[in-house]
Amino acid sequence: MTEKGNVFAFAETTPVEVLDEVVSRQILTFNDEIMLVRVIARAPGQMGVPHSHPHTQITSVESGVFELTIGGRTERLKAGDSFYVPSGVHHGAVCIEPGVLVDVFTPMREDFVKPA
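Small disclaimer: the values here were computed from a predicted structure and weren't measured.

A. Local environment of the overall build of the protein. Helix and strand counts for the protein come out as one helix and eight strands. In sequence order, the protein lays out its α and β elements as β-β-β-β-β-β-β-β-α. A compact globule built from 116 residues should have a C-alpha radius of gyration of about 13 Å, and the protein, at 13 Å, falls within 12% of that. On the principal axes, the C-alpha backbone points of the protein span a range of 35 × 30 × 30 Å. Taking all 116 residues of the protein together, the buried fraction comes to 37%.

B. Region of the structure containing unusual backbone geometry. A cis amide bond links Thr106 to the next residue, Pro107, at an omega of -10°. Its place among the elements puts Pro107 in the loop between strand S8 (91–106) and helix H1 (110–113).

C. Layout of the packing of aromatic side chains. Counted under the stated rule, the structure contains two aromatic pairs. Summarising the aromatic geometry, the rings of Phe8 and Phe10 are spaced 6.3 Å apart at their centres and angled 25° between planes, so their arrangement reads as stacked. With a centroid separation of 5.6 Å and an interplanar angle of 85°, the aromatic rings of Phe105 and Phe112 are classed as edge-to-face. The exposure classification of Phe105 matches that of Phe112, with both residues buried. The lysine or arginine in question, Arg25, covers the ring of Phe112, its NZ or CZ lying 3.9 Å from the ring centre.

D. Looking closely at the environment of Glu97. Its place among the elements puts Glu97 in strand S8. Glu97 sits 31 residues away from Phe66 along the chain, and the two C-alpha atoms are 6.9 Å apart. In contact with Glu97, not counting residues within four places along its chain, are Gly64, Val65 and Phe66.

E. Region of interest: the nonpolar core. Met35, Val37, Met47 and Phe66 are the most contacted members of the largest nonpolar core, which totals 22 residues. Elements with a contribution of two residues or more to this core: strand S2 (23–30), strand S3 (35–41), strand S5 (56–70), strand S7 (82–85) and S8. Those residues in contact with Met47, other than ones at most four positions away along the chain, are Val22, Val23, Val39, Ala41, Phe66, Ala93, Val94, Cys95 and Leu101.

Definitions and cut-offs
Starting from 1, residues in each chain are numbered consecutively following that chain's sequence as written. Totals for whole chains, interfaces and linings use every residue, but because this is a predicted model, local features are given only for residues with pLDDT of at least 70 and side-chain atom pairs only at 80 or more, for both listing and counting. With hydrogens and water set aside, each side-chain value is computed from the structure's full complement of heavy atoms. The secondary structure listing takes helices from DSSP runs of H or I that are at least 4 residues long and strands from runs of E that are at least 2 residues long, numbered from the N terminus. With C-alpha atoms as the basis for the radius of gyration, the globule rule is written as 2.2 Å multiplied by the number of residues raised to the power 0.38. Partly exposed residues are those whose accessible area sits between 20% and 50% of the maximum for their type, while under 20% is buried and over 50% is exposed, using a 1.4 Å probe and protein chains only. Here is the rule: rings of Phe, Tyr and Trp (six-membered ring for Trp) pair when centre to centre is within 6.5 Å. Planes less than 30 degrees apart are stacked, more than 60 are edge-to-face, and the remainder are tilted. In this scheme, Lys NZ or Arg CZ marks a charge over a ring once it lies within 6 Å of the ring centre and within 35 degrees of the ring normal. Two residues form a contact once any of their heavy atoms are found within 4.5 Å. To form a nonpolar core, buried Ala, Val, Leu, Ile, Met, Phe, Trp, Tyr and Cys residues must be joined to one another through side-chain atoms within 4.5 Å.

Any functional reading would require information beyond the geometric quantities listed.
In C-alpha cells:
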C-alpha cells in the first residue's frame, strides 16, 4: 500500500495484497477524503461477500468481464464500462473473465489500511 497523502503512486512498486483465491487489491493513493484502489480478479468466481458500506464508490472496468449486483439490479460489465454504488447500498461482484476494476471511494476506506 502506498502511504496516505502520496501525490504519485506507481503500480510496479505498490504492493498487491492477496485477499483470497480470486481477488487481490492494490491501494494506489489516498487521503482522508478519497481513495484509489485496483482490484485484480485472477480467476472467475465470487469476489468476496456481497456487502454494503458507508462510502460512495465509483468503479471503472479496466479489463475482464464482471457481473455486478447493486441494490438488487444485476448487469454484466466489460472493459470501458463503469458503475456507481451509493452509500449504504448492498452490492456484490462476480468475475466472469479475469480482469481489473479501478475503485474510487469517498471518504477513503480506513478498513483497507488498518491492520486486521
